[in-house]
Amino acid sequence: MDLRIFTEPQQGATYDTLLAVAKAAEDLGFDAFFRSDHYLRMGNADGLPGPTDAWITLAGLARETRRIRLGTLMTAGTFRLPGVLAIQVAQVDQMSGGRVELGLGAGWFEEEHRAYGIPFPKEKFARLEEQLAIITGLWATEVGKTFDFHGTYYDLTDSPALPKPAQKKVPVLIGGHGATRTPRLAAQYADEFNIPFASVEDSARQFGRVRAAAEAAGRGADALTYSNALVVCVGRDDQEVARRAAAIGREVDELKANGLAGSPAEVVDKIGRYAEIGSRRIYLQILDLDDLDHLELIATQVQAQLS
């Protein structure tokens, strides 16, 4: 079971804070550092000092880390044109020496689009499908040849399809709870399928749908990696768990029901339940980015047992 650190910088974080978390994650042996792609805070957080851009952040981290994988859960398809995004991701992959992964979603948070003047189209999922075809098609085009795509929403003619990523294939993550279109899209384009903030039971059902879609597409169910994203709140004792829950404005019982919370033993046990249904990777949503002791506890008391 891989453990990855997943941050939500729109809630309030500077680049330096994210760098500190990424370096701690690398030093403590976590598999990757991922971040969300949002420009507006959610809930009661103040969001100060303001949003940071996902791919600018990852470009900086690419030069300041050595080992950990870097990526997004999920890049919003509404924020960037697919040709531009293919260039950005390829460049960051080169800057990192081939450590980038692209999580791509349709985009959903309408309020942040209004706040920053970003169009919020109705036909987001159909656009996402074309975006995936374009990005993967650009990367797969041989050097010296050109790429064309003529769709409903995007039109590319005689693209040189450059630059190329450092990796032969940048892993693509697709995720979500959709019962029909999401599994089909994952089966066609994804190297990894991620379901965010879902119970063991709901995860098992969605993994089953994706497995069936992959089989129908002729790939085989095990061609994809299956993963979960879950909020985490671990403490050495009940008081420490309660303190960490209060720091992120959550209740302990709710966190235990909907995430990974409690003692290291409790969290290891719950992760084991996800492993039993085929999850091979957990993205640990860290909401208090100043609490680096939390990362150390997870590394030494949770990750060590899973290894």
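Residues numbered from 1 in each chain as written. Predicted model: local features only at pLDDT ≥ 70, side-chain atom pairs only at ≥ 80, totals over all residues. Heavy atoms only, no water.

Peer 1: So, the overall build of the protein chain: which residues are in play, and what are the values?
Peer 2: From N to C terminus, the protein chain includes 11 helices and 12 strands. In terms of C-alpha radius of gyration, the protein chain reaches 19 Å, essentially the compact-globule figure of 19 Å for 307 residues. In terms of principal-axis extent, the alpha carbons of the protein chain reach across some 60 × 45 × 35 Å. Counting the 307 residues in the protein chain, one finds 53% classified as buried. Long-range contacts, defined as pairs at least 24 residues apart, comprise 72% of the intrachain contacts of the protein chain with a sequence gap of at least 6. (Helix = DSSP H or I, 4+ residues; strand = E, 2+ residues; numbered from the N terminus. Rg over C-alpha atoms; globule rule 2.2 N^0.38 Å. Buried < 20%, exposed > 50% of the residue type's maximum accessible area, 1.4 Å probe, protein only. Contact = heavy atoms within 4.5 Å.)

Peer 1: Explain the side chain of Glu112 to me, using residue names and the numbers behind them.
Peer 2: One can find Glu112 in helix H4 (residues 110-116). Although buried, Glu112 forms no salt bridge, and the nearest oppositely charged side chain, Arg35, lies 8.7 Å from it. Setting aside chain neighbours within four positions, we find Glu112 in contact with His38, Tyr39, Leu40 and Phe79. (Lys, Arg positive; Asp, Glu negative; His and termini not counted. Salt bridge = Lys/Arg side-chain N within 4 Å of Asp/Glu carboxyl O.)

Peer 1: Lay out the packing of helix H5 (residues 124-140) against helix H6 (residues 181-189) in plain terms, naming residues and giving numbers.
Peer 2: Between H5 and H6, whose axes approach to 11 Å, the crossing angle comes to 5°. It follows from the interaxial angle that H5 and H6 lie roughly parallel. In contact with Phe125, Leu128, Glu129, Leu132, Ala133 and Thr136 of H5, H6 contributes Arg181, Thr182, Arg184, Leu185, Gln188 and Tyr189. Within the contact of H5 with H6, the residues separate by chemical class into 6 nonpolar, 3 polar and 3 charged. (Axes fitted to C-alpha atoms, helices over the stretch in contact; angles between N-to-C directions. Parallel < 35°, antiparallel > 145°, perpendicular 65-115°, else oblique. Nonpolar A, V, L, I, M, F, W, Y, C, P; charged D, E, K, R; others polar.)

Peer 1: Break down the environment of Ile118 for me, with residues and values.
Peer 2: In this fold, Ile118 is placed in the loop between H4 and H5. If we skip the residues at most four places from it in the chain, Ile118 touches Tyr39, Thr78, Phe79 and His113.

Peer 1: Outline the packing of aromatic side chains, listing residues and values.
Peer 2: By the definition in use, this model includes 6 aromatic pairs. Relative to Phe79, the ring of Tyr39 has its centre 4.6 Å away and its plane inclined at 20°; by these criteria the two rings are stacked. You can see Tyr39 sitting in the loop between strand S2 (32-35) and helix H2 (54-64) and its partner Phe79 sitting in the loop between strand S4 (75-76) and helix H3 (82-96), a full 40 residues away along the chain. Each member of the pair, Tyr39 together with Phe79, is buried. Through successive ring pairs, a cluster of aromatic residues spans Tyr39, Phe79 and Tyr116. Stacked on the ring of Phe125, the Lys or Arg Arg181 has its end atom at 4.3 Å from the ring centre. (Phe/Tyr/Trp six-rings, centres within 6.5 Å; stacked < 30°, edge-to-face > 60°. Lys NZ or Arg CZ within 6 Å of the ring centre and 35° of its normal.)

Peer 1: How would you summarise the nonpolar core if you had to cite specific residues and measurements?
Peer 2: What tends to happen in soluble globular proteins is that the nonpolar side chains get buried as a cluster. Among the nonpolar cores identified, the biggest contains 76 residues, and Ile5, Phe30, Phe33, Trp55, Leu284 and Ile298 are the most heavily contacted of them. The leading source of residues in this core is H5, at 8 residues. Excluding residues that lie within four positions of it along the chain, Ile298 makes contacts with Leu3, Phe30, Val232, Val234, Leu284, Ile286 and Gln303. Counting 7 residues, the second-largest nonpolar core is a separate cluster that includes Leu73, Leu173, Ala229 and Tyr283. (Core = buried A, V, L, I, M, F, W, Y, C linked by side-chain atoms within 4.5 Å.)

Peer 1: Explain unusual backbone geometry to me, and be specific about the residues and the numbers.
Peer 2: A cis amide bond links Leu73 to the next residue, Met74, at an omega of -20°. Note on placement: Met74 falls in the loop between strand S3 (69-72) and S4. Pro163 follows Leu162 through a cis peptide bond whose omega is 0°. Phi is positive for Asp158, which is not a glycine, with a value near 55°. Checked against the element boundaries, Asp158 lands in strand S7 (residues 155-159). Although it is not a glycine, Phe197 sits at a positive phi angle of roughly 55°. Among the structural elements, Phe197 can be located in the loop between strand S9 (192-196) and helix H7 (200-216).

Peer 1: Mind laying out the pairing of strand S12 (residues 281-286), listing which residues take part and the relevant values?
Peer 2: Across the 6 residues of S12, 6 count as buried, placing the element largely inside the fold. The pairing of strand S1 (residues 2-7) with S12 spans 6 bridges and is parallel. Residue pairing across strands places Asp2 opposite Arg281, the latter belonging to S12. Direction of pairing for strand S10 (residues 225-234) relative to S12: parallel, over a ladder of 5 bridges. When the sheet's bridge partners are listed, Val231 is paired in S12 with Gln285. (Pairing = 2+ DSSP bridges.)

Peer 1: Just give me the short version of the packing of H2 against H3, but keep the residues and values in it.
Peer 2: Axis separation between H2 and H3 bottoms out at 8 Å; the angle between their running directions is 15°. Comparing their axes, H3 and H2 come out roughly parallel. In the crossing of H2 with H3, the sense of the turn from one axis to the other is left-handed. When H2 is examined against H3, the residues Trp55, Leu58, Ala59, Ala62 and Arg63 are found in contact with a partner set consisting of Leu85, Val89, Val92, Met95 and Ser96. For the contact of H2 with H3, the class distribution of residues is 8 nonpolar, 1 polar and 1 charged. (Left-handed = near helix turned anticlockwise from the far one by under 90°.)

Any functional reading would require information that these geometric values do not contain.
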